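# A structural walkthrough
Next come the chains, spelled out residue by residue.
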Amino acid sequence: MRIYKVGGAVRDRLLGKPVTDIDWVVVGATTEEMLAKGFRPVGADFPVFLHPKSGEEYALARTERKSGRGYGGFTFHASPEVTLEEDLIRRDLTINAMAEDDQQNLTDPYHGQRDLEARLLRHVSPAFAEDPLRVLRVARFAARYATLGFTVAPETLELMRQLSESNELEALTPERSWKEISRALMEDQPQVFVEVLRACGALKVLMPEVDALFGVPQPPAHHPEIDTGAHTLSVLQQAAIHKQPLTVRWACLLHDLGKGLTPEQEWPRHIAHEFKGLKLIKAVNERFKVPRDCQELALLVGEYHTHGHRAHELKPSTLLELLQSFDVFRRPQRFEEFIAACEMDARGRKGLEEKSYPQADYLRGAATAARNVAVQPLLEQGFKGPELGEAIKRERLKALKTHKEKA
Ligand code: ATP
Ligand code: MG
């Protein structure tokens, strides 16, 4: 048997990027031989194994044929006769279809190295169209390598467009889609992911609620960039620049969905868009079976981001309600993430990227002030039951009033 490094490990070494996980392909071996060497089989369908020591993935060279809709609709053929070239041709992009032996000799039948130099994300063969997930994968790689100057080759974008126009994307499972979306959001330029999906028409299929934001104007006084779609992309970009976690990035993407529902005659104002957007945020959350923490933050940021921006103007009672909506006394971290999302929203405006956001400290201070209200003295005064609750609330309101006066 011959063993080669493939895919991301080869690509990233040639790009001079750190290689984190290594995928291997094994040519000329049978399942029995792999098991005899102590490899552990991964799935029932795939001829993929884990190395007994390193835990890295070793796949038998295989060919694939599409036999139905979606990812389940593939038949694999793995045998010792399948060549390296035959295995590489089933891969998505030329830069992912290179292999390397232990002497670093490159096998590159589909000119991945040339495309690396040309900074092009190009599909290997027309079989690209057989798995719609590749549309998301290409958009994700575009987001990851945009900083290096990579773009999607026009003919690949065209294939992605055809895939998006057919109903193939609808066959993707929520789990597979979310895995790509969440990884893409954590890349350096997550906004490029959305841009590429939009450019090939996939955004309209996957997240029509986000697609609808493009072409919707906002008041230029607050939003010099005017376009709501452009604003959303900038907010996402700010979230990446400021190294925000996935929860915040997801919330950033969805925070203004309600603006896509505003009747044109009301433009550029968007009255109550925060509330109107909630059902859309919920729909997107459910479509991709998004993890609970991301779902919750997106909904809370959607509903309350304007409160965040107006923090200094809020009455103590409104401020307390805000803190309670976040369950801030038990979950301080989630309120921090809300503040971060609000700040990214403010910075995601053209020319205002560097403007300070004093609301952040004000909100943080409010949470601390309310949290610092001591319960013990109230107990000592004899409060209990509902009266204790009322007394705590009174004290918290007092603390928030003082906080507001000091600001
Ligand atoms: P990453 O750095 O994100 O791990 P990667 O290129 O290693 O990037 P993997 O998802 O680990 O991506 O897949 C390993 C390789 O398998 C890819 O480089 C590609 O050659 C191939 N591959 C993975 N998924 C697909 C797919 N859906 N269609 C075609 N080829 C794929
Ligand atoms: Mg990999």
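Scroll up a little and you will see the structure.
Sequence order as written defines residue numbering, which begins from 1 separately in each chain. All chains are assigned letters beginning at A, and all ligands numbers beginning at 1, according to the order in which they are written. Two thresholds apply to this predicted model, a pLDDT of at least 70 for residue-level local features and 80 or more for giving and counting side-chain atom pairs, whereas whole-chain, interface and lining totals are computed over all residues. For side-chain calculations, the full set of non-hydrogen atoms in the structure is used, while hydrogens and water are omitted.

Let us now look at the overall build of the protein chain. Note on conventions: DSSP H or I runs of at least 4 residues are helices, E runs of at least 2 residues are strands, and numbering of each starts at the N terminus. Counting its regular elements, the protein chain contains 20 helices and eleven strands. C-alpha atoms of the protein chain, sized along the principal axes, occupy 80 × 55 × 40 Å. Split into buried and exposed, the 407 residues of the protein chain put 50% on the buried side. Residue contacts are counted whenever heavy atoms from the two residues lie within 4.5 Å of one another. In the protein chain, the proportion of contacts linking residues at least 24 apart, taken out of those at least 6 apart, comes to 65%. Counting rule for charge: Lys and Arg are taken as positive, Asp and Glu as negative, and neither His nor the chain ends is counted. Charge coordinates come from a single atom per side chain, which is NZ of Lys, CZ of Arg, CG of Asp or CD of Glu. Computing the positive centroid from 56 side-chain charges and the negative centroid from 59, the protein chain places the two 5 Å apart. When a residue's accessible area, from a 1.4 Å probe over protein chains only, is under 20% of the maximum for its type it is buried; when over 50% it is exposed; and in between it is partly exposed.

This part is about the environment of V27. Relative to the elements of secondary structure, V27 occurs in strand β2 (residues 23–27). With 52 residues separating them along the chain, V27 and S79 place their C-alpha atoms 8.5 Å apart. Apart from residues lying up to four places away in sequence, V27 is in contact with M1, R2, Y4, A61, V82 and L84.

Two strands qualify as a pair provided that DSSP identifies no fewer than 2 bridges between them. Read from one edge to the other, the open sheet built from seven strands follows the order β3-β4-β5-β2-β1-β8-β9, with strand pairing classed as mixed. Whereas interior strands pair on both sides, the edge strands pair on one side only; in this sheet they are β3 (40–41) and β9 (106–107). Relative to strand β5 (residues 57–60), β2 runs parallel, the two being bridged by four bridges. Residue pairing across strands places W24 opposite Y58, the latter belonging to β5.

Attention now moves to the side chain of H403. With respect to the helices, strands and loops of the structure, H403 is situated in helix α20 (residues 385–406). Within the structure, H403 has its side chain in polar contact with the backbone nitrogen of A366 (distance 3.2 Å). Once residues within four sequence positions are removed from consideration, H403 is found in contact with Y362, G365, A366 and A369. For this analysis, a polar contact is any N or O atom pair within 3.5 Å, provided that within protein one partner can donate a hydrogen and the other can accept it, and provided that sequence-adjacent residues contribute only side-chain to side-chain pairs.

So, on to the site of ligand 1. Near is defined per residue: the residue qualifies when any heavy atom it owns lies within 4 Å of the molecule or strand. Taken together, 16 residues lie near ligand 1, and R11, N96, R134, R144 and R183 sit nearest. Interatomic distance of 3.0 Å between a side-chain N/O atom of D131 and a nitrogen atom of ligand 1. Accessible areas in this description were obtained via Shrake-Rupley with a 1.4 Å probe; residue shielding takes into account the shown protein chains only. Out of a free accessible area of 580 Å², ligand 1 has 83% covered by protein chains. Each cavity reported here is a set of points on a 1 Å grid over the protein atoms alone in which a 1.4 Å probe fits but cannot get out, each pocket an open set with protein on both sides within 12 Å along at least five of seven lines, and each lining residue one with an atom within 4 Å of a point. Cavities and pockets are treated as containing a molecule whenever more than half of the molecule's atoms lie within 2 Å of their grid points. Applying the majority rule of atoms within 2 Å of the grid points places ligand 1 in the largest pocket. Elements represented by at least two residues in the shell around ligand 1 include exactly α1 (8–14) and α5 (133–145). Among the elements that make up the shell around ligand 1, the one with the highest residue count is α5 (five residues).

Grid points are joined across faces, edges and corners, and a volume is the space filled by probe spheres set on the points. Within this model, the largest pocket holds a volume of roughly 1,400 Å³. Taken together, 39 residues make up the lining of the largest pocket; nearest its centre are D23, E57, R137, K179 and R183. Those elements that place two or more of their residues in the lining of the largest pocket are α1, β2, β5, β6 (62–66), α5 and α7 (174–185). When residues of the lining of the largest pocket are assigned to their parent elements, the largest contribution, seven residues, is made by α5. Gly is placed with the polar residues, together with every amino acid not listed as nonpolar (Ala, Val, Leu, Ile, Met, Phe, Trp, Tyr, Cys and Pro) or charged (Asp, Glu, Lys and Arg). Considering only residue class, the lining of the largest pocket consists of 13 nonpolar, five polar and 21 charged. In this structure, the second largest pocket encloses a volume near 820 Å³.

Let us now look at the packing of aromatic side chains. For this analysis, a ring pair means two rings from Phe, Tyr or Trp (six-membered ring only for Trp) whose centres lie within 6.5 Å, classed as stacked if their planes differ by under 30 degrees, edge-to-face if by over 60, and tilted for the remaining angles. Enumeration over the complete set of coordinates arrives at nine aromatic pairs. Centroid distance F335 to F338: 5.7 Å. Interplanar angle 25°. Geometry classified as stacked. In this pair, F335 and F338 are both assigned in helix α17 (residues 332–347), three residues apart and thus about one turn of the helix distant. According to the relative accessible area criterion, F335 is buried, its value standing at 2%. Here a set of aromatic residues connected by ring pairs shows up, and it is made of Y304, F326, F335 and F338.

Looking along a regular strand, one sees the side chains alternate between the two faces of the sheet. Pairing analysis gives three bridges linking strand β4 (residues 48–50) to β5, with the strands arranged antiparallel. When the sheet's bridge partners are listed, L50 is paired in β5 with E57. What sits between β4 and β5 in their antiparallel hairpin is a turn of six residues, with G55 showing a positive phi close to 75°.

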